[in-house]
Structure formats: structure tokens, C-alpha cells
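What the coordinates show
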Amino acid sequence: MKKSLDEIHKIRIEKKKELDLRTNINSNTVEKHILVCHGTGCTSSKSEEILENFKNIIKEKNIQNVRVIKTGCFGLCAKGPIVIIRPEDTFYAMVTPDDCEEIINTHIIEGKIVERLLCKDIDREKGKKIR
Ligand code: FES
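The notes below deal with the structure included here. (Residues numbered from 1 in each chain as written. Predicted model: local features only at pLDDT ≥ 70, side-chain atom pairs only at ≥ 80, totals over all residues.)

**A word on the pairing of strand E1 (residues 32–37)**
Sheet topology places E1 next to strand E2 (residues 66–71); six bridges connect them, and they run parallel. Looking at E2, one finds that His 33 is bridged to Arg 67. As paired strands, E1 and strand E3 (residues 83–86) are joined by four bridges and run antiparallel to one another. Paired with Leu 35 across the two strands is Ile 84, which belongs to E3. (Pairing = 2+ DSSP bridges. Helix = DSSP H or I, 4+ residues; strand = E, 2+ residues; numbered from the N terminus.)

Printed below as a string of C-alpha cells:
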């Protein structure tokens, strides 16, 4: 389908906001992205089920402004499945499908880190930053 210049401009502005949220931990937004690794290692450890669980819980609880996004490998395969929450840049490691409910309730709804799942191999300050 052919798009007008105005439509392309709107898409550009929308995508720029999304990219800003993923690359700028100081992004001024109420939106959150839950990034679920779908590299080979994480996929073999049920990341597809994790992604579906997040989507289902968000839908059931009617949570707004949270998107669940499938990504490529983050390079921490031995710690997978990896889930990263942006813009605060919190890395969760060895996440299981059963952990999704706790991440949604504690991190997304209450705004607190799920300490037991925090990836210990990255910058703790960066990994713990939350709004
Ligand atoms: S496959 Fe998930 S971090 Fe590499």
C-alpha cells in the first residue's frame, strides 16, 4: 500500500518515540516496554511461553501503556531467558513462565524491582534504576 508523505512522517515520529524509550533511560514517558529475548538460547528455555504469559496477564489485568516485544539475543545467553524492562533498563535473568505474574505485579504495577530475578552480571545501578 502506497503511503503519503504525511503518513510516513507520522510513522517516523511514532517510531522515534519508541526508539527513544529503548535507548534513553531518562526518557520522559509513561509507556513501558517489556523486551523478551527470542535468541536461540532463550527460545529453547521457553521465552515464547514467557512472551505469551506477559501478553495474557497484561490483557487480563487491562494494563495500559505496556508493550511486550520479541527481541534478538542480548548476549547473555547463559543467563537466559532474559527479560529487560525499559525505559528503566532493568535486566531480569533466568526468567521462567511462572515469573511473569510476579514481574507484572511487582515491577509494572507496584514499581518495585523483583530482586531475586535481577541479573547480577551487569551494572547494578543501571539494572536497579526504576521510576
Ligand atoms: S539467546 Fe537470549 S540472551 Fe542470547
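**Notes on the nonpolar core**
Ile 34, Val 36, Ile 50, Phe 54, Ile 82, Val 83 and Ile 84 are the most contacted members of the largest nonpolar core, which totals 21 residues. Elements that contribute at least two residues to this core include exactly E1, helix H3 (47–60), E3, strand E4 (90–92) and helix H4 (100–109). Ranked by residues supplied to this core, first place goes to E1 with four residues. Setting aside residues no more than four positions away along its own chain, Ile 34 makes contact with Phe 54, Val 66, Val 68, Ile 69, Val 83 and Ile 85. (Core = buried A, V, L, I, M, F, W, Y, C linked by C-beta atoms within 7 Å. Buried ≥ 20, exposed ≤ 12 C-beta atoms within 10 Å, placed from the backbone. Contact = placed C-beta atoms within 7 Å.)

**Here's the deal with the environment of Thr 71**
Its place among the elements puts Thr 71 in strand E2. Classification of Thr 71 by C-beta neighbours within 10 Å gives partly exposed; the count is 18. Distance in space between the C-alpha atoms of Thr 71 and His 38 is 5.5 Å, their sequence separation being 33 residues. Those residues in contact with Thr 71 that sit more than four places away from it in its chain are Leu 35, Val 36, Cys 37 and His 38.

**Re H3**
Taking 1.5 Å as the rise per residue, H3 with 14 residues should run 20 Å; its terminal C-alpha atoms sit 20 Å apart, in good agreement. Within the sequence span of H3, burial applies to Ser 47, Ile 50, Leu 51, Asn 53 and Phe 54. Seen along its axis, H3 keeps its buried residues to an arc of 160 degrees; they face one direction. Relative to its buried face, H3 has exposed residues pointing more than 90 degrees away, namely Lys 59 and Glu 60. Tucked inside the fold, the buried residues of H3 contact E1, helix H2 (40–43), E2, E3 and H4. (Expected span 1.5 Å × (residues − 1). Arc of directions from axis to C-beta.)

**Here's the deal with the sheet that holds E1**
Strand order in the open sheet formed by four strands is E2-E1-E3-E4, with mixed pairing between adjacent strands. Looking at which strands have only one partner, the edges of the open sheet turn out to be E2 and E4. When the angles between neighbouring strand axes are averaged without regard to direction, this sheet yields 20 degrees. (Axes fitted to C-alpha atoms, helices over the stretch in contact; angles between N-to-C directions.)

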